[in-house]
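What the coordinates show
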Amino acid sequence: MQRTTTTATRQGLDKVATEGSRTAPTAQPTYPLLKMTLVAMCNLTMIYSTLIWIPTWLNSYTHQADQKQDTTNNNSTTLQNAPLPSLSWTLVTLFGLQTVLGLVQWSLHSSSNKGAKKSSKGGGSSSSVFSVLNTSIAIGAVGTLICHVFAVLFGAGIFNQAKETSQLAVYLSLLTFYPASFVLGTDLKSWLRIFVHNSPGTYTEAAFYCQGMMAIFGAWLGSIVIPLDWDRPWQAWPVPCVLGAFMFYCIGTVVGLVVSVVMRQRAARNEFGIGSGAGTAQAGSKKNKSQ
Amino acid sequence: MAQRTPSLGQAQAQASAIPSPATLRSRTTATTTSQRTTATATTTAKPNGPKGPASASATQKTATKERAPSIRLAKLLLWVFLVHVGAIYLFTRGFLLSRSVLDSKSECSNTNMDESIFTDHRLDSSNRCWYPQQYKKAVVIVIDALRFDFVVPHHDLPDDEQEPYYLNKLPVIHKLLEEQPDNTLVYQFVADPPTTTLQRLKALTTGTLPTIIDAGSNFASSALKEDNWLAQFESSRGQDRILFMGDDTWTGLFPSVLSTNNSHAFPSLDTHDLDTLDNGVIKALGPALEDPSKWDLLIAHFLGVDHCGHTYGPNDPHMAVKLEQMNDQLEKVLASVSDDTLVVIMGDHGMNGHGDHGGDSDDEVEAGMVIYSKRKLIDASLLDQFSLGDTLRYTKPVGGNVYRTVQQIDLVPTLSLLLGLPIPFNNLGSVIPELFLSAKDPKNAIRDLLRATRLNAAQVATYFESYMELHPTSDIALAVEMEFGELFERAETFMRELGQDPKAKTEDLATALKLYSEYLRTSLSSCKRIWAHFDVPLMAAGGGVLLASCFCLLLHITIYRAVGMPPSLERFLAGGTLLGIALARHLKPLLLKIETVQESSLGLVDIMIFSMSTFSIAGFLLCLALNAKSFAKKESWNVFRLIRWPPLSGFLACLFIFVNCLIFASNSYIVHESTFIIGFLQTFGVIGLLFSLRVPDKAARIKAVILVLSFMTMTRVLSTSTVCREEQGDLCSPTFYASAQQSVPSQWSLVMLVGSGAITPYLIRRLLSSSKSMNGIALLWVDYGLRIGIILGTLYAVLDFEGSKSDGTRAATTGNNANAFEPLLGGMSAGGQYLWIKTTLVRIAFGFALIIGPAAWWTNPLCMDIQTVEEPVAIDGGNRKPSGSSSTAPATQRKIYILGYANAFGASYYMALTMMFLFVILTQKPLGTIVLSVGLAQISCLVELVDIWRDADFAVWQQGVIARIQAETQASVENSDGIAAAVSIQSAAQAEQAKAPTLNLLLPTVVLSLMGNLFFFATGHQATLSSIQWLSAFIGVPTLNYFFSPILVIVNTLGPFILCAMALPLVVLWQMPPKANKLGIVVLFPELTRLCLMMMMHQSLVLVANMFFTGGMFRRHLMVWKVFAPRFMLQASALLMMDLVLVTVTVLVVLSRVIREVSTVLSIRVV
C-alpha cells in the first residue's frame, strides 16, 4: 500500500528485483532453424495423425474384422460417433509418440547444454533416460490432475461424465505439461518463468510456451459451441474442447516457430550491439504487457 | 503484533521526522498486511498543542466542503439512471404487445348478418337471441392449475415405478368417460401465455388474446371493460341468477356483476394454506347445489390445487389429497345437476414441474376441460358422417388415449350460444363443433352447427371491421385485407349461392362449414402473430438513447480517468434536459415528417422523454468537449490514449462485456446463461491466478493464490445450486428444491443453513480482525446484530419448513421424514401456530437489518479505535524531535495507535454492506441464504485480491523506479559529489511519485457485475416469469400487503444485483488507507466515479445487446416470448435496480457518510 520509496524497504525490493528480473538466459546465437522446423513438423504430423488417422484406421480395421460394412461413413466421423473409444486410442498413441519425441528433445537439450553454458536446472543433464521418463510421467500425471480440476472448476461434472473429462485432461496434459517436462524437469522456477511470467528463454521453451498456451486457450474456446442447440455429434462433451485444443495447438506450433525466428533476430541484434538496452527493454515491454 | 508495530512506527517517525499538520502520520512502508493495519503517531505529553484550535477549525471547514464530491457523483449517476429509465420506457412501449381494446358490446337484436337462411326451422324458441338457447343453466367449475394429465385416466403406467401423486386422482371423470361416453366430452384446453390466473379469466370470459404487459397487474386486478359473456348473462337474466364462489380475482374483474349479494369471494393471494379457500367454496357450494332454483349460472373457483403446486410442487402427497378432495366435490356436483344444465369443469392453466406457471411451456399451457350434461351431448357417428375430422385437432396419446384439443377462448362463443347469449364483441374464438351437433335431431345437426359457426364468423368479421375503422393503418387491418378478410367473403358468397334451399346437400353444408372455420382459424393465428405488435421507431429510439448513454460513459471512463468529473457537468446535464423539455413540442412535427415514424404511436410524452435524453446526452458530450482542452494542458492527455491498445486488464474487461453481449445472439446461450457466467468468472480466476503468481512478495503471493483458488471453488460450488428451466433439458439437474417436482427446500439445505449461519459472522470477524478493524460498530454489529439477525432468519426458515410439512394431512409420509429439528419443536403441532411466531421472529430480524443496524451505523460508522501507550523517550540517538516538544522534553512519550487505520474506509463500508446482506438473505429461501453467504465471502475474496494486486503492482513499479534512480546515481556519483546526487535522487523520487501507477480496476468491476448474475441463478432464479418466488411476498407479512409484499418479492429476485452494486466501492476502498498527500487530500472519487460508471455501462451495454437482438433481429423469432423477452425484462429490471442502488444507497447514503466521518476524524479531505 505504501506509495513512497524509502530506504527501509530498499533491501527487500532489491531482492525482489533480482528475483523478478532474472530473466531467461539469452538465446543461443546459432539458430537451429532446420531442427526447430523439423520438430514442429513432427509435432503437427503426430497430433494430426493421433487425433484423426489412427483412431479412424483402427476403427475401420476392427469394423472390417467384425463385419463387411460401409466403412466410409465411419471413417469420417469416428471422433464424433464414438468419442470415448476413439479418444482412448488417441491418448495411447499420443502418449507413446510424445514420449519418443520428448526423449529426443531431452537428449538434444542435454547435449547442447553440455556443450554450451550451464543449464539452470540442477541434475537434469546427468540423469539417465529412465529417471527422466519417471519425472516426466509424474509431471504429466500432476498436469492431468490440474487440468481435470480446472475442467471441473469450469463447470464439468464432478461425477457426471468424469471419464470424458479425464480424457480431456489427459489430452491437454499430453499437449502441454508432458512434452515440456522432458526439457524442464522438476525445475519449478523455470516453469513459473515460462508460463506465468511469459518469458521463455530458449527457442524450445518458446515453442512449448506457444503450443501449451494455445492448446489451453483452444480448449477454452472450444467449449463455446457446447450449449448450442444444433444437435451435432461433435457437440458431445469433450469433443469441442479436444478439437479446439488440437486446432490451436497446430496454430501454436506455427506461432512458436515464428516467435523463435523473432527471438533469433533480437538476439542477433543484441550481439551486434544495436539495441544496447535490449534486455531491459524486453523486460519493460513484458511488464507493460503484464499490466 | 501490538508489541512489534510500535517499534517499527517509532523508527519510522524518527527516520522521516516530518510532523504532519494533523499530528497524525501514517507509516509509509509496509511489507505485510498485518503490519500496516495500525498507524502510529508520536506526540508530546501535552495534549493541547498550539495547533489544536487551528486544526479543529480546519476540520470544520473541510467538513462542510466534503459533501460536494459524493453529491456530485450522485448527481451524475442519477442522470445516468434517469436516462436509463427513459430509454427502457421508450423501448418497452414499442416492444411489449399492445392491443387496443374496443368497448363495443354485442347486442341480442343485431347479429350483423343475414339470418334469413335459417329462418325455416325452430321458430318455436321463445327465448330467442342469436342462437336458440340450448341449456337453461350452467355450472362452471374452475379448478386452478388443473393440468390436462391430472384429468385423464392413465392406465399404462409401468408397475415398478411409483405412480406420481397427481395422476388418476379424479376417478369421477374416468367413470363418466366409461359409463356415459355420450354425455361427457374431455378436451385438452390450450391457454395462451401468459398463464396467470387473471389473464386466463379475462380470456375465458371475453375470448380475447392477452397482452404481455397485463401479466404484471395480477396483484391488483382491475375491472374488465371489454364485452364478456358474464356481463351478457347478467343483462339477459339478471344479477341474482348468478351465483359465484371462490377466488376474489373474479370479483375484482367483474365488480358490477358479482356483488356481495351473489358471490362468496375469498382472498386468493393472501391464502397460505391449501384449504381455507376451498373449504369456503365447499361450504357455499353445498347449499347452492341443494337448491338449484336460485341460480342459472353457478361459478365455483377452487384454488387449492394451484396453491399446492406453488408450495409443494405437483408430485407431492398434498397434491393427491387435494385432487381427491376435488374429486368428491365434482361427484356431488355431477350427481345433483338437472337435465338442462351444462357442466363445465376446467383448469385455467396448467403448471410446470415445480408447480409454477406463467410461462408458455406445454405443461403450463395445457389445462384440462370436461363438459358434461345429463342430456346426450353427442352422437359420435355424426362427426364421422360430416367428415369434420380435418378441421379438428387432436392431442398426442395421453394415458393410452387421444383427446380433442381446443383453444381456451373457444369456450367463449360456445358457452354464449349454448346459453342463448350473444357472443362477446371482441371474441376471437370459434365454437366447439361437437356441442352444436345436437344429438336429439341428427337430421338437422349440420345445419345447427353451420348456423352457430356462421354467427361466430360474422361476429369476428364485425370485430375486425370496427377495429379497422379505428386503426386503419395497423398491422391487423393490413392482415385483414391481405390474408384472411377474403376468406369470410368467400364463405358468405358460397352460403348465399346455397341459398335457402332446405334440401341442400350435406356435403355442401359441410363445405360451407369448413370455409367458415378456416376463416376463424386463420384470423386467430394471424392475430396471435401480429398482436405482438412492435413499434419499431420507439424501440429504435429507446435502444439508441441507451447506446448513446453507454458511449458517454465510455468516454468518461477512458478520458477522465485521473481527473474525475469535469466542472459544471451538472449544469450542462440540467440545461440539456430543460432544453429537451422546451423543444419537445417543436420536435414533434419534425419527427413526424420522417416516413417510418408516422406509423408508430408516438405520443408527446415519448417525444419529450426522447428529446430530454438526447439533449442531456448532447450536453454531456459538449461539456466533455469543452473541458477536454483544459485537461489536455493539465495532464498529459493526448488523443493517442484513445487509440492505444488498452492495458490487459482493461482489455479483458472489454472482452468480457463484448462476449456477455454476444450471449443474446442465440437463444441457446440465453438458456444456458448460468453456465456461461461460470465460464466468465473462472476465466477471470485463471487470469487472476497468473496475476497472483507474479506477485513479488512471497507471503502475499501465497495468500493471493489461496484467495484465487477459493474464489474459483466458490464459483463452482455456487453453480451447483440450480433451478432448471425447461429448455435446459438434460444438461441441467435441479438442486435448489428438494426435488424437480417440488418447491420446498430440502432438509440438507436447512442443515447447511444452520452451519452457514454460524460460520458467516465468524468469517466476517476474521476478515475485519486481519486489518485490525474489529472496533467500534463492528464489535456490536458483527457479534450481536448480525448474528442475532442470522439466527432469527434461520429459525424462521426452520419453522417455515416444519410448518409447511405438518400443514395439511401428510399422514402417509410422515414416517420417513424424521427431521433433526422435530424434537425441538415437538410441542407445536399445527402449521397455523407457527405463523405468529415466525412472523414475529422475521420481523425482529428485519428490524435489525433495516432499523437498528443502520441507526447504530449512522451514529458511529467508523471501525477505528485509539490505543495509547506510554513509552520512555529514546533521546540518545540525537534525533530531531517534532517541533514544539523541544523546550519541555518529557520523560515519557505518548504513542497513539489508530487501530483499523489502514482499512478505515473499507471496514466501515463493509459494515453497511453486511446490513444490506442481512436484509437480502432474510427474503431468500434457505439455499438462497447459503448461496448469498458464500457470495459475500466471494466478494470479500475479490476485494482482498484487488488489494494484494494493487500492492504488488506498486511494488513492481517502485522497484523499477529504484533501479533507474540507482543507475542514474551511479552515473552522477562518478561526475559530481554525493550530496548533489542525493538531492537529485530525492527530487527524482518525488517526481516519480506523482506518476505512481494505479491498478486498473475495470476488470474486477465487470467481474463483480457478473457475480450478480451468478448469484441470481444460484438463488433459485431463472430468466423466466415462472421462476419468480412469489411466496417471498409473505415473509413477515401474513396477509398480502401492497407496500411490503412487492418490495419483498423484488428484493428476493434482484437481491443478488443489489448486493453486488452495493459492494462496488469496496473494490476501491478496501484496505485503502486514508493517507493524505501534502495538501491533506486523499484522491478517491475519480476512481469511484469510473467504477460506478463502468458497472452501469456493463449492465446497460448488455441491455443494449438484448434490445438489439430481441427487438431488432429476433422479434419474429419462435422463442421471442419464451426466451428473449423474459431475459429482456430481467436485464432491464436488474439494470434499473443496480442504478438505483448505486445512486441512493451506495453513493448518497453509505459512501458519503463513510467518507465524511473518516475525513472528519482524521482531518483529511477526500476528493
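Note that this is a predicted model, so its numbers are computed, not measured.

Rules behind the numbers
Residues numbered from 1 in each chain as written. Chains lettered and ligands numbered in written order. Predicted model: local features only at pLDDT ≥ 70, side-chain atom pairs only at ≥ 80, totals over all residues. Heavy atoms only, no water. Helix = DSSP H or I, 4+ residues; strand = E, 2+ residues; numbered from the N terminus. Buried < 20%, exposed > 50% of the residue type's maximum accessible area, 1.4 Å probe, protein only. Contact = heavy atoms within 4.5 Å. Areas by Shrake-Rupley, 256 points an atom, 1.4 Å probe, with all protein chains shown as cover. Phe/Tyr/Trp six-rings, centres within 6.5 Å; stacked < 30°, edge-to-face > 60°. Lys NZ or Arg CZ within 6 Å of the ring centre and 35° of its normal. Expected span 1.5 Å × (residues − 1). Patch = residues over 30% accessible without salt bridge, like charges linked within 9 Å, V, L, I, M, F, W, Y side chains within 5 Å. Salt bridge = Lys/Arg side-chain N within 4 Å of Asp/Glu carboxyl O. UniProt positions renumbered as here; feature names shortened; annotations may be inferred. Pairing = 2+ DSSP bridges. 1 Å grid on protein atoms, 1.4 Å probe; cavity = no way out; pocket = protein on both sides within 12 Å on 5 of 7 lines; lining within 4 Å. Points joined across faces, edges and corners; volume = space filled by probe spheres on them. Nonpolar A, V, L, I, M, F, W, Y, C, P; charged D, E, K, R; others polar. Axes fitted to C-alpha atoms, helices over the stretch in contact; angles between N-to-C directions. Left-handed = near helix turned anticlockwise from the far one by under 90°. pLDDT = per-residue confidence, 0-100.

**Some points on the overall build of chain A**
- Helix and strand counts for chain A stand at twelve helices and zero strands.
- Mapped in sequence order, the helices and strands of chain A form the string α-α-α-α-α-α-α-α-α-α-α-α.
- Scored against the burial criterion, the 291 residues of chain A give a buried share of 44%.
- Sequence-distant contacts, at least 24 apart, represent 73% of the contacts inside chain A between residues at least 6 apart.
- Carbon together with sulfur atoms contributes 66% to the accessible area of chain A, which is approximately 15,100 Å² in total.

**Details of the overall build of chain B**
- The helix and strand inventory of chain B stands at 37 helices and 13 strands.
- Excluding contacts between residues fewer than 6 apart, the proportion of contacts in chain B whose partners are at least 24 apart in sequence is 79%.
- A total of about 45,900 Å² of accessible surface is found on chain B, and carbon and sulfur atoms cover 62% of it.

**Some points on the packing of aromatic side chains**
All names here are of chain B.
- In this structure the tally under the stated criterion is 38 aromatic pairs over all chains.
- With 5.2 Å between their ring centres and 70° between their planes, Phe1108 and Phe1109 make a pair best called edge-to-face.
- Overall, the relative accessible area of 48% leaves Phe1108 in the partly exposed class.
- By way of ring pairs, the aromatic residues Phe425, Tyr463, Phe464, Tyr467, Phe484, Phe488, Tyr516 and Tyr519 are connected into one cluster.
- A cation over a ring is seen here: Lys137 above Trp295, with NZ or CZ 4.8 Å from the ring centre.

**Section: helix H7 (residues 162-175) of chain A**
Residue and element names in this part refer to chain A.
- The first and last C-alpha atoms of H7 sit 20 Å apart over 14 residues, in line with the 20 Å expected at 1.5 Å per residue.
- A large share of H7 lies buried, amounting to ten of its 14 residues.
- By the burial criterion, the buried members of H7 are Glu164, Thr165, Gln167, Leu168, Ala169, Tyr171, Leu172, Ser173, Leu174 and Leu175.

**A short note on a nonpolar patch on the surface**
Residues and elements named next belong to chain A.
- A contiguous nonpolar patch, built from Val100, Val104 and Leu108 and spanning about 230 Å² of accessible area, is present on the exposed surface.
- Here Val104 is to be found in helix H5 (residues 83-115).
- Given a relative accessible area of 41%, Val104 falls into the partly exposed group.

**Focus: the UniProt feature "transmembrane region" (unreviewed entry) in chain A**
- UniProt records the feature "transmembrane region" (unreviewed entry) for residues 38-58, 87-108, 129-156, 168-185, 206-225 and 237-262 of chain A in the present numbering.
- Annotation note: span residues 168-185 of chain A, helix share 89%, strand share 0%, distance between end C-alpha atoms 23 Å.

**Considerations on the pairing of strand S2 (residues 137-143) of chain B**
Residues and elements named next belong to chain B.
- Extensive coverage of S2 is indicated by the burial of seven of its seven residues.
- Burial along S2 is two-sided: Lys137, Val139, Ile141 and Ile143 and Ala138, Val140 and Val142, pointing in opposite directions, are all buried.
- With six bridges connecting them, S2 and strand S7 (residues 341-346) associate as parallel partners. The residue bridging Val139 from the neighbouring strand is Val343, located in S7.
- Where S2 and strand S6 (residues 297-302) come together, six bridges link them in parallel fashion. Looking at the pairing, Ile143 lines up with Phe302 of S6.

**A few points about empty space enclosed by the protein**
Residues and elements named next belong to chain A.
- Scanning the entire structure with this criterion turns up eight cavities of 30 Å³ or more.
- Of the volumes computed, that of the second largest cavity is approximately 170 Å³.
- Lining the second largest cavity are 18 residues, with Val39, Asn43, Gln105, Ala207 and Phe208 sitting closest to its centre.
- Broken down by secondary-structure element, the contributors of at least two residues to the lining of the second largest cavity are helix H2 (33-66), H5, helix H10 (203-222) and helix H11 (238-271).
- The element that contributes the greatest number of residues to the lining of the second largest cavity is H2, accounting for five residues.
- Taken together, the residues that form the lining of the second largest cavity break down as nine nonpolar, eight polar and one charged.

**So, the pairing of strand S3 (residues 184-190) of chain B**
Residue and element names in this part refer to chain B.
- The buried count for S3 comes to seven of seven residues, which makes it a mostly enclosed element.
- Every second residue of S3 is oriented toward a common face, with Thr184, Val186, Gln188 and Val190 on one face and Leu185, Tyr187 and Phe189 on the other, all of them buried.
- Relative to strand S8 (residues 366-373), S3 runs antiparallel, the two being bridged by seven bridges. Paired with Thr184 across the strands is Tyr372, a residue of S8.
- Where S3 and strand S9 (residues 404-407) come together, four bridges link them in parallel fashion. Across the sheet, Val190 pairs through a bridge with Gln407, a residue of S9.

**Observations concerning the pattern of salt bridges**
Residues and elements named next belong to chain B.
- The tally for this structure, following the rule as stated, stands at 21 salt bridges over all chains.
- Arg241 is the salt-bridge partner of Asp296, the closest N and O atoms lying 3.0 Å from each other. Here Arg241 lies in the loop between helix H7 (229-237) and strand S4 (242-247) and Asp296 lies in the loop between helix H9 (276-290) and S6, a separation of 55 residues in the sequence.
- With its nearest N and O atoms 2.6 Å apart, the salt bridge here joins Arg1127 to Glu673. With Arg1127 in helix H37 (residues 1120-1162) and Glu673 in helix H25 (residues 673-693), this residue pair connects regions lying 454 residues apart in the sequence.
- Given a relative accessible area of 1%, Arg1127 falls into the buried group.
- Residues participating in the shared-partner salt-bridge network are Arg147, Asp149 and Asp363.

**So, the sheet that holds S2(B)**
All names here are of chain B.
- Sheet architecture is open: eight strands sit in the order S5-S4-S6-S2-S7-S8-S3-S9, paired in mixed fashion. Only two strands of the sheet have a single neighbouring strand rather than two, namely strand S5 (263-266) and S9. Within this sheet the neighbouring strands show an average axis-to-axis angle of 20°, counted without direction.
- Helix-sheet contacts for helix H5 (residues 171-179) involve S3 and S8, and the interaxial angle to S3 is about 125°.
- Helix-sheet contacts for H9 involve S4, S5 and S6, and the interaxial angle to S6 is about 160°.

**Some thoughts on the environment of B:Leu655**
- Mapped onto the elements of the fold, B:Leu655 is located in helix H23 (residues 648-662).
- Counting along the chain gives 297 residues from B:Leu655 to B:Ala952, while the straight-line C-alpha distance between them is 24 Å.

**A few points about the packing of helix H9 (residues 188-195) of chain A against H10(A)**
All names here are of chain A.
- Put simply, H9 and H10 touch, their axes get as near as 10 Å, and they point 65° apart. Relative to H10, H9 is oriented so that their crossing is right-handed. When H9 is examined against H10, the residues Arg193, Ile194 and Phe195 are found in contact with a partner set consisting of Glu205, Phe208, Tyr209 and Met213.
- The residue inventory of the contact of H9 with H10, partitioned by class, reads five nonpolar, no polar and two charged.

**Describing the packing of helix H26 (residues 698-719) of chain B against helix H33 (residues 1002-1018) of chain B**
All names here are of chain B.
- Axis separation between H26 and H33 bottoms out at 10 Å; the angle between their running directions is 35°. Along the contact surface, H26 presents Phe711, Thr715 and Leu718, while H33 presents Val1007, Met1011, Leu1014, Phe1015 and Ala1018.
- For the contact of H26 with H33, the residue count by class is seven nonpolar, one polar and no charged.

**Comments concerning the confidence of the model for chain B**
Residues and elements named next belong to chain B.
- Looking at chain B, pLDDT values average 79 and 79% of them are 70 or higher.
- For the stretch residues 214-221, pLDDT sits under 50, and the model shows 16 contacts to residues farther than four places along the chain or on other chains.
- Overall, residues 877-887 carries pLDDT values under 50, and its contacts beyond four positions in sequence, including any with other chains, amount to nine contacts.
- Among the prediction metrics, the complex's ipTM stands at 0.79, with pTM recorded as 0.73.

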